[in-house]
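The residues making up each chain are set out below.
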Amino acid sequence: MKTAAASTDALDAREAGSLLAAEIQQGLGRKPQAIMIFAAPSYDHGALLDELASQCPEAILVGASSAGEFVNQTQGEGLVCALGLAGEDVRFALGVARDITADTCDAARQIVSGFSGLSDFTFPHRSALVLADALAGHADVLVDELTLATGGQYQFFGGGAGDNAQFQRTSVFAGREVLTGAAVALEILTEKPIGVGVRHGWAPASAPFRVTEADGMRLVSLNGLPAAEAFEAHAMATDQTLDRGAPIPFFLHNILGIDAGGAHRLRVPLAILPDGSVQCAAEIPQGSVIHIMRASAASAVEAAQEATRAAVAALGDHKPQAALFFDCVATRLRMGDQFGEEVQIVRDQLAGADLVGCNTHGQIARAEGQFEGFHNCTAVVAVLPE
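Residues numbered from 1 in each chain as written. Predicted model: local features only at pLDDT ≥ 70, side-chain atom pairs only at ≥ 80, totals over all residues. Heavy atoms only, no water.

A. Representation of the overall build of the chain within the structure. The number of helices and strands found in the chain is 9 helices and 27 strands. Taking 21 Å as the expected radius of gyration for a compact globule of 386 residues, we find that the chain reaches 20 Å, a close match to that expectation. For the chain, the spread of C-alpha atoms along the three principal axes comes to 60 × 40 × 40 Å. Relative to all contacts within the chain whose residues are 6 or more apart in sequence, the contacts with residues 24 or more apart total 79%. (Helix = DSSP H or I, 4+ residues; strand = E, 2+ residues; numbered from the N terminus. Rg over C-alpha atoms; globule rule 2.2 N^0.38 Å. Contact = heavy atoms within 4.5 Å.)

Now the structure itself:
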C-alpha cells in the first residue's frame, strides 16, 4: 500500500482542495484510489469536496468535519488534512447510510451493502474506517450492528464528526456529498494486516453508581437520585467546584466510565438540565454500572503511546506506512497545549511513517484483542502497513 499525507490552512475551500489534490498525487506518484479527509467546520465542505473530486475523479472520497487536525509536524484548529491511498495489494469501497436514527440495523445493512469483502475473499484482511454524525446518536449501536452485518469479519476504527465542541452541526463526507444524521465507511481490503490500538488512561475516582434511569444521551438518575447530585457530591468530596450553569470545566476532568468487565467505556457529560438530569455526548445504558473517572495529562500521553505500540505490534513483521490517530475534542480541551505531547508520542512510535488524524466527538474502535465500540476521551490508532 502507498500513502501520501497532505494538509493546508488555505482559507478558500476550492484552493484548499486543489492544494491537497496536488500534494497527494505528488506524494503517491500516481492517482489516488481513495482519499480520507478531515476538515475544520469553518470550511465550505461542499466546495472542498467538489474541487477534490474534480482533481482526483477516480478516487473514493470519505471524511468528516473535525475538531482539531494534525498531520505529521503540523497541528492546530482550522485546518484540513487528508491521506491519499493507492496500491495493487489493497481494494477500497464506499458504504453510506444517510439516516442512522430511524433504523440503526438498516443503516448498518446499507453501509455494508457497498462492501465487496463479504463475498470476495481475494484479500484476507478486512477493515473499515467508520465516520458518523455523533450528534445524531446511535453510534454505539451502529458499531454493534456493523459487526453483526459483517459476521464479525471486519475490524472498525474511526470516530464521530466534530465541530470544535460547539455540538451544533457535524457532517460526514461521501464523494461530493456533505451529509448530516448519517454515517460513512471506507472498506479497506488488504493482503497485510492493519493494526488497531485503543487506550484511554482514565481510572475510577468514585464509588460505583447504578444507572436507574437513562433516556438516550440523557442520564436521568443514579442510585435513584437525580444524576447531577452524584456529581455535586463528588465535587464536594474531592474539593472541586461544580457550577450547574457552567459545568464544562468540571466535566472535562470528571467524565463517566461504564463498567465493561475490567475496562471502562467512557462518556463525556455536557450539561446539567433543569430537572437535575445530565446531558452526555453519547448514550449510557440504563441498568449499567458507572464510575466518575479521573485522568492526568501524563496518563493520556501514556495511553496514546500504548495504543500506538499495540497497533504497531498488530502488524507483525510488517513496517508502518502511515497511521490514523483519533482522540476526543474533550481531551484536547482538557490538556490544552499539552495535547501536542500526546500527538508527538504517537508520532515517535511510528518510525517515520506519516501521521494523519483529528479530534472527534467520540471514537470508534472494534478490533481483535481490544475493548470495543464507541468511546469518548479515548486514543484510537490505526496503523497501515507498507
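B. Looking closely at the side chain of Thr308. Position of Thr308 relative to the elements: it lies in helix α7 (residues 297-313). Overall, the relative accessible area of 0% leaves Thr308 in the buried class. Here Ala304 takes part through its backbone oxygen, which lies 2.8 Å from a polar atom of the side chain of Thr308. Beyond its immediate stretch of four places on either side in the chain, Thr308 contacts Val346, Gln349, Leu350 and Val381. (Buried < 20%, exposed > 50% of the residue type's maximum accessible area, 1.4 Å probe, protein only. Polar contact = N/O pair within 3.5 Å; in protein donor to acceptor, adjacent residues only side chain to side chain.)

C. How the structure looks around the pattern of salt bridges. Using the criterion set out here, one finds 15 salt bridges in the structure. Linking Arg109 and Asp106 is a salt bridge whose minimum nitrogen-to-oxygen distance equals 3.6 Å. You can see Arg109 and its partner Asp106 sitting in helix α3 (residues 104-112), 3 residues apart, about one turn around the helix. When its relative accessible area of 27% is taken as the criterion, Asp106 is described as partly exposed. Asp140 serves as the salt-bridge partner of Arg265, at 2.4 Å between the closest nitrogen and oxygen. Of the two residues, Arg265 is situated in strand β19 (residues 264-267) and Asp140 in helix α4 (residues 139-149); the sequence distance between them amounts to 125 residues. (Salt bridge = Lys/Arg side-chain N within 4 Å of Asp/Glu carboxyl O.)

D. Seen up close, empty space enclosed by the protein. Counted under the stated rule, the structure contains 2 cavities of 30 Å³ or more. By volume, the largest cavity amounts to about 50 Å³. Around the largest cavity sit 13 residues that line it, and His200, Ala300, Asp327, Glu342 and Cys377 are the ones nearest its centre. Counting only elements with at least two residues in the lining of the largest cavity, the list comes to α7 and α8 (329-335). Counting residues per element, the lining of the largest cavity draws most heavily on α7, which supplies 3 residues. Residue classes in the lining of the largest cavity are distributed as 6 nonpolar, 3 polar and 4 charged. Each pocket or cavity is described by its volume, and for the second largest cavity that value is around 40 Å³. (1 Å grid on protein atoms, 1.4 Å probe; cavity = no way out; pocket = protein on both sides within 12 Å on 5 of 7 lines; lining within 4 Å. Points joined across faces, edges and corners; volume = space filled by probe spheres on them. Nonpolar A, V, L, I, M, F, W, Y, C, P; charged D, E, K, R; others polar.)

E. Main features of the packing of aromatic side chains. Tallied over the entire structure, the rule returns 8 aromatic pairs. Ring geometry for Phe38 against Phe326: centres 5.6 Å apart, planes inclined by 80°, an arrangement best described as edge-to-face. Separated by 288 residues along the polypeptide, Phe38 in strand β2 (residues 34-39) and Phe326 in strand β23 (residues 320-328) bring together distant segments of the chain. We note that Phe38, like Phe326, is buried. Where Phe231 meets Phe251, the ring centres are 5.2 Å apart and the plane angle is 70°; that geometry is what we call edge-to-face. Here the residue Phe231 occupies a position in helix α5 (residues 227-237), and Phe251 occupies one in helix α6 (residues 248-251), the gap between them amounting to 20 residues. (Phe/Tyr/Trp six-rings, centres within 6.5 Å; stacked < 30°, edge-to-face > 60°.)

F. Looking closely at the nonpolar core. By size, the foremost hydrophobic cluster in this structure holds 39 residues, and its most contacted members are Met36, Phe38, Leu83, Phe157, Leu186, Ile188 and Leu324. Excluding residues that lie within four positions of it along the chain, Leu324 makes contacts with Met36, Phe38, Leu83, Phe157, Val356, Val380, Val381 and Ala382. One finds Ala16, Leu61, Ala82 and Ala86 within the second-largest nonpolar core, a separate group that totals 26 residues. (Core = buried A, V, L, I, M, F, W, Y, C linked by side-chain atoms within 4.5 Å.)

Fair warning: the whole summary comes from geometry, so function is off the table for now.
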